[in-house]
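Summary of the model geometry
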Amino acid sequence: MNYVFNTLIQLIFYIFFSISLLGYGFLLKNRIFKINFNFGEIGILGFLTLYIFSVIINFFIPINIYLSLGVLFFGVILFFYNSKNIYISKKLLFVLVFFISFLSSLTINLHDDHLLYQLPYIEYKQEFKIIFGLVFLNDYLAYSHGFYDVMAMFKVPYYENRLVFILPVIFLMFFIFSIIDYYDKKENILSNLIIFVIFLILFKFTRSKEFGTDVPVIGLLFLIQIYVLNFFSKKNKTYFYKMLIMFSLAVIYKVYAVFAIFYFLIFGKKIKYYLFDFLTKKKIIFIFLIFTCIITFSKNIIQTGCLSYPLAKTCFEQKILSWSAGKKLSDWRHEFLKARVKGWMPYVRKNEFREKIYPVEYNKKFRYNFHQNVLKDPDSERILVVILILFITIFLNLFYSNRNQRIEKPPNFRLLIICSIIPLIMWCLMMPYIRYGGYAYLPFGLLILQYSFFYKSYNLSKITKIFLIISIVFFTSKNFLRINKEVNNLNSFTIDYLKTKQSFPIPFYKEIDVQEKLIHNNKIYISRHNWVCSTSSLPCLPGFWENLKINIKNKKGYNFIFVNEQDYIDILINKTKVYNLNKNRYGNSFNTDIRSK
């Protein structure tokens, strides 16, 4: 029965982390923003506050456990100081949301990439001051990892980083709190969107830890869409401020959120007025957002030599910044990522890996017709699931007794159509994978299109309420069955069976064998695994790069890493060949180490 005790431990930390985040959310709301936010939004603001703290602190010192504990306990103090200002409407719904979100956190099956870059990035921040040229230890570490900057603040005694993956679930919980408060049966499209989001969460995101930081970004995109609809009906400029704040946070987390900038078209010709009002009456928010951009770009330049890796146009040449990834490496990685989201792997799999086509060649060959390969990817099935859930949400409203009631379409509806369709088109053309914002861009665009043809009231009919109850039962039963299966049938690359059998739902992370190497009196570890490193031995190079000519220097406590970008690219190309070959044989290549020990 150890798992019962461990579940209780996780529950305690779940509450502790949530309270601390709320405390920092109140700090940002009351001292900087000074506009109205609901309970869930305040929790989300806590993530933004700790992102700022994490990045700034790491410029000067490592984020050690004592610092983490101090920050977390201070957040708790801030929470209780502001507790008199806490108002929770719909308390029964609050309890239900807390229960289902915590239930989804009970798993030891983590995201496939947790050892590739997620945990290593967190550990680097905790063991070192910011590293110049971090990109060359593993270029996956160099992407915009804003959410992992926050997670680095949540190391605790004894359990260390074994509880950090409950944070995306806590974010999801705050998101659900926030959208429940926005539900308004008088607002047709808004009501429909919120019901769809709830259905999507209950049917699709049943195990939130596996979705990594994509869940928070998708939540932020939905929140921005809710602000769009609220402004469309109420014309309250507060939604403009909120959109700017949440848009900034979303882009910090994942670059694909940038398509949401087109939602600002909802302000139409008055956008200049709102911007002027923002710059004059809300200077403090403007300064805060500019400061956030500055520290984010500074972090990126230090770690990669780029404003935003792997966009080559934003990167400095190595002759300017010696630790920079450079334009060649950045361009290669950019082409690789572009090919991956445009059906490269389904195309290669279809040819059983016989055709050696590199990402650059693929992107040229299928510049305009890549969707034929995207449709062969299993991800296309997820797109159909999202469309099906949206269809069900719309269909259930047909059972409303006044379904034939005629309602006039609001003026300027075309503006709402334009601002919803452009992000959808951009997503379809540039990265048509559902996890890269498609969960939000696709249904919102289709929903607005549907209302452009059939505009009518949306109400929670009895059949819709019954369906909501069924979806909650589905969510809870699926999670209970999953938990039972995980406890009784543990089999994962990430864990030791006996240890995790006793510690469920708190995972153990697999230790990878390493060999030590000295470079200019600086230690570096070479992993005996091709792709991943042990988080207990850093700095570390994955096994594929063991022969890489790497130079490490320490200046005033900062590590500088220098590598010839062409050498790195040559190894990266070879790594990609073996990765694909191994994936053809074994499925998920991270579960197999083909390098001889």
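Whatever comes next refers back to the structure up there.
Note that the coordinates shown come from a computational prediction; the quantities given were computed from them, not determined experimentally. Here the residue numbering is sequential within each chain, running from 1 through the sequence in written order. With pLDDT at 70 or above as the cut-off, local features in this predicted model cover only qualifying residues; side-chain atom pairs require 80 or more to be listed or tallied, and sums for whole chains, interfaces and linings still use all residues. To get the side-chain values, take all heavy atoms of the structure and skip hydrogens and water.

1. Some details on the state of the cysteines
In plain terms, two cysteine sulfur atoms within 2.5 Å form what is called a disulfide here. A full pass over the atoms with the stated rule returns two disulfides. Sulfur-sulfur distance for the disulfide between Cys-306 and Cys-315 comes to 2.0 Å. Between Cys-306 and Cys-315, the S-S dihedral sits near 105°, and the bridge is therefore right-handed. Exposure remark for Cys-306: the relative accessible area of 0% places this residue in the buried category. The exposure class of Cys-315 is buried, given its relative accessible area of 5%. The disulfide bridge from Cys-533 ends at Cys-540, spanning 2.2 Å between sulfur atoms. Classification of the bridge connecting Cys-533 and Cys-540 rests on its S-S torsion, roughly -85°, and on that basis the disulfide is left-handed. Here the bonded cysteines of the protein chain are numbered in sequence order, and their pairing is 1-2, 3-4. Buried residues are those whose accessible area, probed at 1.4 Å on protein chains only, stays under 20% of the maximum for their type, while exposed residues exceed 50% and partly exposed ones sit between those limits.

2. Details of the sheet that holds strand β1 (residues 514-519)
A strand pair is defined by DSSP finding two or more bridges across the two strands. In DSSP terms, a helix is any run of H or I states spanning at least four residues, a strand is any run of E spanning at least two, and both are numbered starting from the N terminus. Ordered by their spatial adjacency, three strands build an open sheet running β1-β2-β3, and the pairing between neighbours is mixed. At either margin of the open sheet sits one strand with a lone partner, and together these are β1 and β3 (540-541). Of the strand pairs in this sheet, β1 and strand β2 (residues 522-527) are connected by six bridges, and their pairing is antiparallel. Counted as the bridge partner of Leu-518 is Lys-523 from β2.

3. Some details on the nonpolar core
Only buried residues count toward a nonpolar core, which is a set of Ala, Val, Leu, Ile, Met, Phe, Trp, Tyr and Cys residues joined through side-chain atoms within 4.5 Å. By size, the foremost hydrophobic cluster in this structure holds 211 residues, and its most contacted members are Phe-17, Phe-33, Phe-47, Phe-154, Ile-170, Tyr-253 and Leu-416. Among the elements that make up this core, the one with the highest residue count is helix α9 (residues 214-234) (14 residues). For Ile-170, the residues in contact, after removing those within four places along its chain, are Tyr-14, Phe-17, Ser-18, Leu-21 and Phe-47. Here a residue-residue contact requires only that any non-hydrogen atoms of the pair lie within 4.5 Å.

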